[in-house]
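Topology and contacts: notes
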Amino acid sequence: STQEQTPQICVVGSGPAGFYTAQHLLKHHTRAHVDIYEKQLVPFGLVRFGVAPDHPEVKNVINTFTQTARSDRCAFRGNVVVGRDVTVPELREAYHAVVLSYGAEDHQALGVPGEELPGVLSARAFVGWYNGLPENRELVPDLSCDTAVILGQGNVALDVARILLTPPEHLEKTDITAASLGVLRQSRVKTVWIVGRRGPLQVAFTIKELREMIQLPGTRPILDPVDFLGLQDKIKEVPRPRRRLTELLLRTATEKPGREEAARQASASRSWGLRFFRSPQQVLPSSDGQRTAGIRLAVTKLEGVGEAARAVPTGDVEDLPCGLVLSSLGYKSHPIDPSVPFDSKLGVIPNTEGRVVAVPGLYCSGWVKRGPTGVIGTTMNDSFLTGQALLQDLQGGLLPSGPRPGYTAIEALLSGRGVQPVSFSDWEKLDAEEVSRGQGAGKPREKLVDPQEMLWLLGR
Ligand code: FAD
């Protein structure tokens, strides 16, 4: 049975979901072999390309992933786009089981007129730009305006606001790319509005990120006390994390700051604010029609209460002048292969506990399984559960019996198609190069952003 042989398992995607699933499989099965396929030349998904450069502690999970990748029963196969270079049916044929952990790479479109104007960007692309995602390296946002509007009130919105407003000298020792730091140094952005369709009780960011904003050097918060009227009574009923978050918002909006804080705020040259009950209606063009001059917001009110409350337009509108609009309405998964079921409404692969519905031997984990929310810890737990389901099926004899060729078969296919995968030791060479390039500037690394250069460094 497969039990006594080497189960050949394939994982698609090398973000937290891919690595935590692989880790679980290797730990709980003594012979399983896991190949992790990744479209980028480098591993770690959003840990490298999403997590903000000023949150280095979050990236420590890379050490655990590196341990997994160095196991002699695990191999990283970078530079392979599953769905293009190799299909899911081909992988299913070569392996006993396939786990899809390819994340959520698209962004939720704004869907309003004017969205195509220069000056309108997705937060996803902006994040990719400052984090060195190759496809976004030429984005170079125009930061010559004084006001930016971020649509959405989650942690990604706060990451983007923080990067826009942090004094550049505070980012110098992070792994932000040299090119984006150069653009941020020239930035004229003074005010950032973070706009939400609903109210203070529905914000999606967490208290740690809010606290960072409130304490951001050289900036002051602008919160309208009117938005918080009557909230004091309502918060008694909400669960504790949300209560603490709302209390912090409330204090910041309504309490007079102490002497020291008041002085700090008075000397601040930049500001940020939360705008509630506003939904984007149209991006307003400049008089020559060539760029963004503002955004028209529909005023909303809530129907229902709590997390489930819906924003409905009141009929009033408000125009907010700005030169930059960043839409941060969420990430979105896309279907990877016509043979894999996909729920386009929820943006996930339909599954029960990680088992893809109606496709034996196919599993999923991470954002493509749960939807694009939740921190790395959440992704870890759900990936362990997927790993567990897979091993149960293996033990229960539900996976194909008899040996499977694994990578040997795929290698032949890829080579015939002119695809040259990279290995984990290739990444370790690039890693060493990045670390060495960062050293002079006192940075943990200077990221390589050009795939051609990376391949050249690898002698390809
Ligand atoms: P991903 O990390 O996106 O990994 C998916 C991988 O699959 C990627 O490497 C991708 O290149 C690869 N892939 C995609 N398509 C293919 C294909 N066709 N073939 C092969 N490979 C493919 N969490 C925290 O705990 N702390 C934070 O500070 C934090 N900050 C964040 C900041 C941002 C901007 C974002 C977006 C998220 C942040 N998160 C943070 C959340 C965290 O990043 C996610 O929970 C986690 O990365 C989800 O893991 P995943 O493996 O499902 O997806």
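Further up the page is the structure itself.
Residues numbered from 1 in each chain as written. Predicted model: local features only at pLDDT ≥ 70, side-chain atom pairs only at ≥ 80, totals over all residues. Heavy atoms only, no water.

**Structural notes on the layout of surface pockets**
Once rolled over the atoms, a probe with the size of a water molecule shows which space is left empty. Its volume calculated, the second largest pocket comes out at about 390 Å³. Looking at the second largest pocket, it is lined by 21 residues, and the ones nearest its centre are K59, I62, D175, P444 and R445. Mapped onto the lining of the second largest pocket, the elements with two or more residues apiece are helix 2 (46-49), helix 3 (61-70) and helix 15 (424-439). Broken down by class, the residue content of the lining of the second largest pocket amounts to 9 nonpolar, 4 polar and 8 charged. (1 Å grid on protein atoms, 1.4 Å probe; cavity = no way out; pocket = protein on both sides within 12 Å on 5 of 7 lines; lining within 4 Å. Points joined across faces, edges and corners; volume = space filled by probe spheres on them. Helix = DSSP H or I, 4+ residues; strand = E, 2+ residues; numbered from the N terminus. Nonpolar A, V, L, I, M, F, W, Y, C, P; charged D, E, K, R; others polar.)

**Regarding the pairing of strand 2 (residues 33-37)**
Where burial is concerned, most of strand 2 is hidden: 5 out of the 5 residues are buried. Side chains H33, D35 and Y37 of strand 2 all project onto a buried face; the interleaved residues V34 and I36 project onto the opposite face, where all are buried too. Note: strand 1 (residues 8-12) against strand 2, 5 bridges, orientation parallel. By the bridge assignment for strand 2, Q8 is matched with H33. Tracing the backbone out of strand 1, into helix 1 (residues 16-28) and back to the parallel element strand 2 gives a crossover that is right-handed. Looking at chain direction, strand 2 and strand 3 (residues 74-77) are connected through 4 bridges and run parallel. Paired with D35 across the two strands is A75, which belongs to strand 3. (Buried < 20%, exposed > 50% of the residue type's maximum accessible area, 1.4 Å probe, protein only. Pairing = 2+ DSSP bridges. Right-handed = clockwise from strand over helix to strand, strands pointing away.)

**Section: the sheet that holds strand 7 (residues 147-151)**
A sheet is described by the order of its strands in space; here 6 strands give the open sequence 6-14-7-8-10-9, paired in parallel fashion. Of all the strands in the sheet, the pair left with one neighbour each is strand 6 (120-122) and strand 9 (219-222). Averaged over neighbouring strand pairs, the angle between their axes works out to 20 degrees when direction is ignored. (Axes fitted to C-alpha atoms, helices over the stretch in contact; angles between N-to-C directions.)

**Points about the sheet that holds strand 11 (residues 278-285)**
Here we have 3 strands laid out as an open sheet, ordered 11-12-13, and antiparallel in their pairing. The two strands at the open ends of the sheet, each matched to only one other strand, are strand 11 and strand 13 (310-321). On average, each strand axis in the sheet is tilted by 20 degrees relative to the strand beside it, whichever way the strands run. Relative to strand 13, strand 12 (residues 292-303) runs antiparallel, the two being bridged by 9 bridges. From the neighbouring strand, K301 faces strand 13, where its bridge partner is V312.

**Focus on the site of the ligand**
Near the ligand, the surroundings consist of 33 residues, among which A17, E38, W367, G374 and I376 are the closest. Between A17 and the ligand, the recorded distance is 2.9 Å, taken from a backbone N or O atom to an oxygen atom. Here K39 contributes a backbone N or O atom positioned 3.1 Å from a nitrogen atom of the ligand. When isolated, the ligand has an accessible area of 1,000 Å², and the protein chains bury 92% of it. Of all the elements in the fold, those that place two or more residues in the shell around the ligand are helix 1, helix 6 (155-165) and helix 13 (376-395). A per-class count over the shell around the ligand returns 17 nonpolar, 12 polar and 4 charged. (Near = heavy atom within 4 Å. Polar contact = N/O pair within 3.5 Å; in protein donor to acceptor, adjacent residues only side chain to side chain. Areas by Shrake-Rupley, 256 points an atom, 1.4 Å probe, with all protein chains shown as cover.)

**Things to note about the pairing of strand 10 (residues 270-275)**
Among the 6 residues that make up strand 10, 6 are buried, leaving the element largely enclosed by the rest of the structure. Of the two faces of strand 10, the one carrying R270, W272 and L274 and the one carrying S271, G273 and R275 are both buried. Pairing between strand 8 (residues 191-195) and strand 10: 5 bridges, direction parallel. Paired with W193 across the strands is G273, a residue of strand 10. One ladder, built from 4 bridges, connects strand 9 with strand 10; its direction is parallel. Within strand 10, the position partnered with I222 by the bridge is G273.

**Digging into unusual backbone geometry**
Unlike most non-glycine residues, N79 shows phi in positive territory, near 70 degrees. Inspection of the secondary structure puts N79 in the loop between strand 3 and helix 4 (88-94). Classification of N79 as partly exposed rests on a relative accessible area of 22%. Phi at V140 takes a positive value of approximately 35 degrees, unusual for a residue other than glycine. Inspection of the secondary structure assignment puts V140 in the loop between helix 5 (123-130) and strand 7.

**Considering the environment of G199**
Here G199 lies in the loop between strand 8 and helix 8 (207-214). Looking at G199, the relative accessible area reads 0%, which means it is buried. Taking the C-alpha atoms as reference points, G199 and D227, 28 residues apart in sequence, are found 7.6 Å from one another. The residues touching G199, leaving out its near neighbours within four places in the chain, are F276, F277 and L302. (Contact = heavy atoms within 4.5 Å.)

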